[in-house]
Amino acid sequence: VSGEGLARAKESASLTVTASGTVQDVYVREGDTVEAGQPLYKIHSDAAEEAYTAAQKELDSCSKEKEKLMEARANLTVRAPHAGKISLAADAPAIQVGDTVSSGTAIATVVDDSKMKLRQYFSYAYAKTIKTGQSAQVSIPSFMASIPATVSEIHMVERISPEGTKLFEVDFVINNPGTLAAGVDASATLTVGGETLYPYEAGKLEYNRATVITTKVGGAARSVNLRNYAPVAAGDVLLVMDGGENDTAIFEMDNRIKTAQKNLDEAKK
């Protein structure tokens, strides 16, 4: 049995340019033998470059937005930044479970009263006499007692008293025996070479640290642990807010990221 026909290649493929552009290089000629994956020509396409840049920008933007949403989710739980006691201002909102709390609301202050600070001003005549780390005594008239203290910092400011005396600042730190509070009148003295050094005037005790707790996101209160004067440890939960809207936004952003990644992959091809 015999027959006739046309010989054809077992496999063939047509190459289609997916983006218009300018031919920069041609690596083969008609009739050349080529291997799979071998470059044939190179085309520069402004449109393709712009599409890739736009797709990358969209993905980056979505990723940053998700980071903000994840940060907001974390901020739905408000924790104590350090150990201390809760201090509620007279005008602080009385937050109850179910109440809507707005972003930026100052809900409480955490005060660290394990140590107290006292700022005093001394004459420049003592500038070379007072040193950091020196021991001192702090007199508290309301307690009719004297408590040991230490010079913590010295600042060579130039305060001028009404009498014309130039004064510099000395900061003292005091271990709180548990009975001291901010705003109490106090005065520190130092003894150097048998001489007692007195400050220009009495000062007022300050807390070692006082941090105002402000919400970074808003939501309905699910759990509230804000009681005036209550002791807290670093990391203790003070407030938990509902994050339903935030979770929905994260879900929607995940879908946007998937679409943006798909578009970027196509643009990269």
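Let me begin by describing the structure that accompanies this report. Values in this document were obtained by computation on a predicted structure and should not be read as measured data.

**Details of the packing of aromatic side chains**
Point 1. Scanning all chains against the criterion turns up two aromatic pairs.
Point 2. Summarising the aromatic geometry, the rings of Phe122 and Phe172 are spaced 6.3 Å apart at their centres and angled 55° between planes, so their arrangement reads as tilted. Here Phe172 lies in strand 9 (residues 166-175) and Phe122 lies in strand 6 (residues 106-123), a separation of 50 residues in the sequence. The pair Phe122 / Phe172 is uniform in exposure class, with both members buried.
Point 3. Ring geometry for Tyr124 versus Phe168: centroids 5.5 Å apart, planes at 75°, classification edge-to-face. Of this pair, Tyr124 sits in the loop between strand 6 and strand 7 (135-140) while Phe168 sits in strand 9, and the two are 44 residues apart along the sequence.
Point 4. The exposure class of Tyr124 is partly exposed, given its relative accessible area of 23%.
Point 5. Sitting over the ring of Tyr121, Arg159 keeps its end group 4.7 Å from the ring centre.
Point 6. For Lys166, the ring lying beneath its charged end belongs to Tyr124, and the centroid distance is 4.5 Å.

**Some points on helix 2 (residues 244-268)**
Point 1. Here helix 2 contains 25 residues, and its C-alpha end-to-end distance of 36 Å stays within 8% of the 36 Å for a straight helix at 1.5 Å per residue.
Point 2. Considering only its buried residues, helix 2 is in contact with helix 1 (46-74).

**A few points about the pairing of strand 14 (residues 219-224)**
Point 1. Across two bridges, strand 5 (residues 100-101) lies against strand 14 in antiparallel orientation. Across the sheet, Thr100 pairs through a bridge with Ala220, a residue of strand 14.

Parameters and conventions
Residues numbered from 1 in each chain as written. Predicted model: local features only at pLDDT ≥ 70, side-chain atom pairs only at ≥ 80, totals over all residues. Heavy atoms only, no water. Phe/Tyr/Trp six-rings, centres within 6.5 Å; stacked < 30°, edge-to-face > 60°. Helix = DSSP H or I, 4+ residues; strand = E, 2+ residues; numbered from the N terminus. Buried < 20%, exposed > 50% of the residue type's maximum accessible area, 1.4 Å probe, protein only. Lys NZ or Arg CZ within 6 Å of the ring centre and 35° of its normal. Expected span 1.5 Å × (residues − 1). Contact = heavy atoms within 4.5 Å. Pairing = 2+ DSSP bridges.

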